[in-house]
Structures are given as C-alpha cells and as structure tokens.
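# Geometric and topological summary
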Amino acid sequence: MLREGLCYGQLDVDAEDPLPIAERLGTLLPADIPVVASPLRRARGLAEALHRQPTFDRRLLEIHFGDWEGVAWKDIDRQLLDAWAADPLHFVAPGGESAAVLQARALDCVSSLGGDRVALVTHAGVIRALLGHWLRLPIDEWSLLPLAFGSVTLLEIEADAAQRGPRKEQRAGAGVLHYCNR
C-alpha cells in the first residue's frame, strides 16, 4: 500500500480499492473504448475493473527513480535533490531515468495507439508529461499540474490540425487540444 512520504515511481505497490473508482469512471467512458494501462498493480487493478481485456504497455510506467524507490524523501541526499531541482527535465536519480525520457516513452506509446479513442490508465507523472507536451508547457509548469488519484483527464486531440500546424516540431496527434481534469 502507498505510504505518505516515500518516493514512489516504478515501485510496484497496491493502491486503494479500484472498484469504487472504476464505478465512477466507468460512467464517463464509452462502453466499447479500449483501455491501455501501465502494468504496475496500482494502475492494473483499475484497468481490469474498467475493461474485460485491457492492454498493458510498459511505456506508461511512472518515472523510474532508481535507488530512490521506496526511500523516504527526507532521507534522500539533499545535494541530489538540489541537482534535480536545478534541472528537473534532464536530472537522473541514481539508477533511474529523467523526466525527458519518461515524456519520450509516453509520447511514443500514445503515437503508436490506433483508433480514434482510447482510455489510458497510468500515473500522474505520465499524464503530466503528456499534458506538458500538448499544452507546450515547460517542465516547471507541467510537473506541478494538479491531478487527483482516480481523476479523469480528458484530452481531445484533432490530428488533422497537427498536419496544418505552423510549428515544425508538431507531430501527428499534436493538433488542437481540448483538456480538462476532474
């Protein structure tokens, strides 16, 4: 179970009972929508409660904090935390990965999905990284986007607009964005 004050990234722990959350979220999703989820137990349980046959994709894992996984934040070397604060996009915790790597793999996952609509069951870091990309926010802003556990973040992306976009770095799926979190 999740405990307050510990560093969780890819540490595979259970979360709260997914059934009440699935009942609430299930009313917001079309009945036939495919579900793609992180394989970590705290996402897997909700995905399985939402869909009879969800697909699991490791690219939707939370950020890997390496040696920090399961360690109390107060016990992590202050100099390393300061180095992370100085470069939150590219800093790599010992044995872990950077936020830039997290964002790249999450975007790779989304760009590989077929169909018009899909529900992702994943982690706050992944959701923030995806939102940061499509909202064109710097990490100092996207890393602080408020996301409640069990909330729904709705992204409607008009792919046609991506093809017409004025910015060279726009890719398919980076068009007009409608976003809300509840």
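## Details of the side chain of D57
Summarising the element assignment, D57 is placed in the loop between β2 (55–56) and α3 (78–86). Side-chain polar atoms of D57 contact the side chain of R59, separated by 2.6 Å. What D57 contacts, discounting residues up to four positions off in sequence, is V36, A37, S38, P39 and C109.

## Structural notes on the side chain of E69
Relative to the helices and strands, E69 resides in the loop between β2 and α3. Of the buried charged residues, E69 lacks a salt bridge, with R42 as the closest side chain of opposite charge at 6.4 Å. Of note is the side chain of E69, whose polar atom sits 2.8 Å from the backbone nitrogen of L11. Only 2.8 Å separates the side chain of E69 from the backbone nitrogen of F65, close enough to count as a polar contact. Contacts of E69, omitting those with residues within four sequence positions, involve C7, Y8, G9, Q10, L11, I63 and H64.

## As for the sheet that holds strand β1 (residues 35–37)
If you trace the three strands from one edge of the open sheet to the other, you get β2-β1-β3, paired in parallel fashion. Looking at which strands have only one partner, the edges of the open sheet turn out to be β2 and β3 (119–121). Both β1 and β3 contribute to a ladder of three bridges, which runs parallel. Within β3, the residue paired with V36 across the bridge is L120. Packing of helix α2 (residues 41–50) onto the sheet brings it into contact with β1, β2 and β3, and relative to β3 it is tilted by some 145 degrees.

## A short note on the nonpolar core
By size, the foremost hydrophobic cluster in this structure holds 23 residues, and its most contacted members are W68, V126, L130 and W142. Mapped onto this core, the elements with two or more residues apiece are α4 (99–112), α5 (124–135) and α6 (139–142). Ranked by size, the runner-up nonpolar core spans twelve residues in total, among them I21, A22, L25 and L46.

## Things to note about unusual backbone geometry
Non-glycine residue R136 carries a positive phi angle of around 55 degrees. On the secondary structure map, R136 appears in the loop between α5 and α6.

## Things to note about the pattern of salt bridges
Using the criterion set out here, one finds eight salt bridges in the structure. The salt bridge partner of R41 is D12, with a shortest N-O separation of 3.6 Å. You can see R41 sitting in helix α2 and its partner D12 sitting in the segment before α1 (18–26), a full 29 residues away along the chain. A residue is classified by how much of its surface remains accessible, and D12, at 34% relative accessible area, is partly exposed. The shortest N-O distance in the salt bridge between D75 and K74 comes to 3.3 Å.

## Some thoughts on α5
Given 3.6 residues per turn, any residue in an α-helix points the same way as the ones three and four places further on. Its twelve residues give α5 an end-to-end C-alpha distance of 16 Å, which sits within 8% of 16 Å, the value for a rise of 1.5 Å per residue. Within α5, nine of the twelve residues are buried, leaving the element largely enclosed by the surrounding structure. Those residues of α5 lying buried are G125, V126, R128, A129, L130, L131, G132, H133 and W134. Trailing α5 by a residue or two, R136 shows a phi angle of about 55 degrees, which is positive.

## What to know about empty space enclosed by the protein
Counted under the stated rule, the structure contains one cavity of 30 Å³ or more. I63, F65, W68, W84, F91, V92, A93, E97, S98 and A99 together form the lining of the largest cavity. Counted by class, the lining of the largest cavity contains eight nonpolar, one polar and one charged residues.

Conventions adopted
- Residues numbered from 1 in each chain as written.
- Predicted model: local features only at pLDDT ≥ 70, side-chain atom pairs only at ≥ 80, totals over all residues.
- Heavy atoms only, no water.
- Helix = DSSP H or I, 4+ residues; strand = E, 2+ residues; numbered from the N terminus.
- Polar contact = N/O pair within 3.5 Å; in protein donor to acceptor, adjacent residues only side chain to side chain.
- Contact = heavy atoms within 4.5 Å.
- Buried < 20%, exposed > 50% of the residue type's maximum accessible area, 1.4 Å probe, protein only.
- Lys, Arg positive; Asp, Glu negative; His and termini not counted.
- Salt bridge = Lys/Arg side-chain N within 4 Å of Asp/Glu carboxyl O.
- Pairing = 2+ DSSP bridges.
- Axes fitted to C-alpha atoms, helices over the stretch in contact; angles between N-to-C directions.
- Core = buried A, V, L, I, M, F, W, Y, C linked by side-chain atoms within 4.5 Å.
- Expected span 1.5 Å × (residues − 1).
- 1 Å grid on protein atoms, 1.4 Å probe; cavity = no way out; pocket = protein on both sides within 12 Å on 5 of 7 lines; lining within 4 Å.
- Points joined across faces, edges and corners; volume = space filled by probe spheres on them.
- Nonpolar A, V, L, I, M, F, W, Y, C, P; charged D, E, K, R; others polar.

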